[in-house]
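Fold and geometry: a report
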Amino acid sequence: MESTLPALAVQCLDLPSVEQLKAAVARGESISSADPMLARAELPLQQMFYPFGFPLQLLTNSPEILSIAGDCWHGFHPLFDMAPIRFQVGVTQGGPAKCPPAPSSRVREHICSHVADSQNFAISDAAHAFTVAWFSETTLAHRDYIRYFMLESAAMFHLAARYAIGIHAACVASLGRGILLSGDSGAGKSTLAYACARAGFTYVTDDASFLVNSREDSLIVGNSRMVRFRPSAESLFPELRGRPMLRRAQTGKPSIEWPTASLAHIATAFSTPVLHTVFLNRQPGLPQQLIPFPSDVARAFILQRGIGIASVASLHTDAVDRLLTRGLFELCYTDLDWAVVRLARLAQDGF
């Protein structure tokens, strides 16, 4: 990974004129083909990564990019045998000192774009499992920006476009039986997942759960390397007090991130088959109970987050329909300890 390679010059479209070419030939100079769009720029550094267990090959001209990719995906192991997703990431000279704005993201058919400005963007082609990204040299100072808004987002697009559907849910397992914890932002997914993990559940992920296509066992893969909390979680878990806050690219809500490798009391796994999907409801005044949840509502909630690519829509729909036939509930609660005990009973007894 060590390299003294300079950032690539940002080339322009000012090509030599006919007269300039004549003069160069008359002087006996060799004339190399221009590359104004950096189509042939060398990206000599490469490394394999395994986001959520899927292979990804990254080529770049920057050791810093490999380091940031390591922040994204270190600790993941290969779970699926398939041709790798290919990333080619170039870094060009210069750029503004300030962090770029949050990118504008769009999907049309099999193409996805994450565009911040003319020097910082990523374009992904799901049909060829390929992403090309360019960053200015100064953007390398903003590692969390590149990690969250560009590299991780592009990788998740490829997973959603080819292999799995992303579900806005945490995931834990007990007795080898996975439980998805779903619901709106602020429903308490991360908090309850961590509380379950402290009580002996296996922790799989606190947010993005990927339901793998064409699996009869409703396999979920997730990022068990990190737990993320809102600042208010400090009042529930004293061990969070004093931990630094993260605000990605100076935008979005602040959060506390805690690597699970440092939590010896928590068991983790990158995947689990799921038997139950539980929608969380923390509205005060409701009786604490586990009750059936309407499948039409759950189906619409999950599928509305699909990326809209027609070629995989039926795969996503089939996977979600299989998942929702296994066990679908709403957990109304106000007491966190009660909720953990009730989920443990669900895993053991099926209700």
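Just so we're clear, the structure is a prediction, and the values are computed from it rather than from any experiment.

About the criteria used
Residues numbered from 1 in each chain as written. Predicted model: local features only at pLDDT ≥ 70, side-chain atom pairs only at ≥ 80, totals over all residues. Heavy atoms only, no water. Phe/Tyr/Trp six-rings, centres within 6.5 Å; stacked < 30°, edge-to-face > 60°. Helix = DSSP H or I, 4+ residues; strand = E, 2+ residues; numbered from the N terminus. Buried < 20%, exposed > 50% of the residue type's maximum accessible area, 1.4 Å probe, protein only. Lys NZ or Arg CZ within 6 Å of the ring centre and 35° of its normal. Contact = heavy atoms within 4.5 Å. Axes fitted to C-alpha atoms, helices over the stretch in contact; angles between N-to-C directions. Parallel < 35°, antiparallel > 145°, perpendicular 65-115°, else oblique. Left-handed = near helix turned anticlockwise from the far one by under 90°. Salt bridge = Lys/Arg side-chain N within 4 Å of Asp/Glu carboxyl O. Patch = residues over 30% accessible without salt bridge, like charges linked within 9 Å, V, L, I, M, F, W, Y side chains within 5 Å. Areas by Shrake-Rupley, 256 points an atom, 1.4 Å probe, with all protein chains shown as cover.

For any pair of aromatic rings, the description consists of the separation of the ring centres together with the inter-plane angle of the planes. A full pass over the atoms with the stated rule returns 13 aromatic pairs. Taking the centre distance of 4.8 Å and the plane angle of 85 degrees together, the rings of Tyr194 and Phe237 count as edge-to-face. Of this pair, Tyr194 sits in helix H4 (residues 189–198) while Phe237 sits in the loop between strand S13 (226–229) and strand S14 (245–246), and the two are 43 residues apart along the sequence. A centroid spacing of 5.4 Å and a plane angle of 55 degrees characterise the contact between Phe329 and Phe351, whose relative ring orientation is tilted. With Phe329 in strand S19 (residues 328–332) and Phe351 in the segment after helix H7 (336–349), this residue pair connects regions lying 22 residues apart in the sequence. On the basis of relative accessibility, which here comes to 8%, the residue Phe329 falls in the buried class. Residue classification places Phe351 among the partly exposed positions, given a relative accessible area of 42%. Counting every residue linked through ring pairs, the aromatic cluster contains Phe52, Phe76, Phe210 and Phe270. Directly above the ring of Phe351 sits Arg342, whose terminal nitrogen or CZ lies 5.5 Å from the centroid.

As for its placement among the helices and strands, Thr260 is situated in the loop between strand S15 (255–259) and strand S16 (267–268). In this structure, Thr260 is in contact with Tyr203, Ser224, Arg225, Met226, Val227 and Thr268, ignoring residues within four places of it in sequence.

Moving on, we get to unusual backbone geometry. Of all residues except glycine, most have a negative phi; of all peptide bonds, most are trans. Despite not being glycine, Phe52 shows a phi value in the positive range, around 55 degrees. Among the structural elements, Phe52 can be located in the loop between strand S1 (45–49) and strand S2 (56–60). We note that Ser214 has phi near 60 degrees; this positive angle belongs to a residue other than glycine. Relative to the helices and strands, Ser214 is located in the loop between strand S11 (208–212) and strand S12 (219–221).

Between two packed helices, both the angle of their axes relative to each other and the distance between the axes serve to describe the pair. Taken N-terminus to C-terminus, the directions of helix H5 (residues 295–303) and helix H6 (residues 310–324) make an angle of 140 degrees; their axes are 10 Å apart at the nearest point. With respect to H6, the axis of H5 lies oblique. Here H5 and H6 pass one another in a crossing that is right-handed. Between H5 and H6, the contacting residues are Ser295, Ala298, Arg299, Ile302 and Leu303 on the first element and His316, Thr317, Val320, Asp321, Leu323 and Leu324 on the second.

Turning to the pattern of salt bridges, a few remarks are in order. Under the criterion given, the structure shown has 11 salt bridges. With a shortest N-O distance of 2.7 Å, Arg27 and Glu29 are connected by a salt bridge. Given the relative accessible area of 54%, Arg27 is considered exposed. On the accessibility criterion, Glu29 (40% relative accessible area) is partly exposed. The partner of Arg228 in a salt bridge is Asp206, and the shortest N-O contact between them spans 3.9 Å. Remark: Asp206 occurs in the loop between strand S10 (202–205) and S11 and Arg228 occurs in strand S13; sequence separation between them is 22 residues. The same class applies to Arg228 and to Asp206, which are both buried. Connected through shared salt-bridge partners, Asp144, Arg147, Glu152, Asp206, Arg228 and Glu257 make up one network.

The subject of this paragraph is a nonpolar patch on the surface. A cluster of nonpolar side chains, namely Leu21, Val25 and Ile31, defines an oily patch on the protein surface of about 250 Å² accessible area. Looking at where Leu21 falls in the secondary structure, it is placed in helix H1 (residues 18–26). For Leu21, a relative accessible area of 33% gives the class partly exposed.

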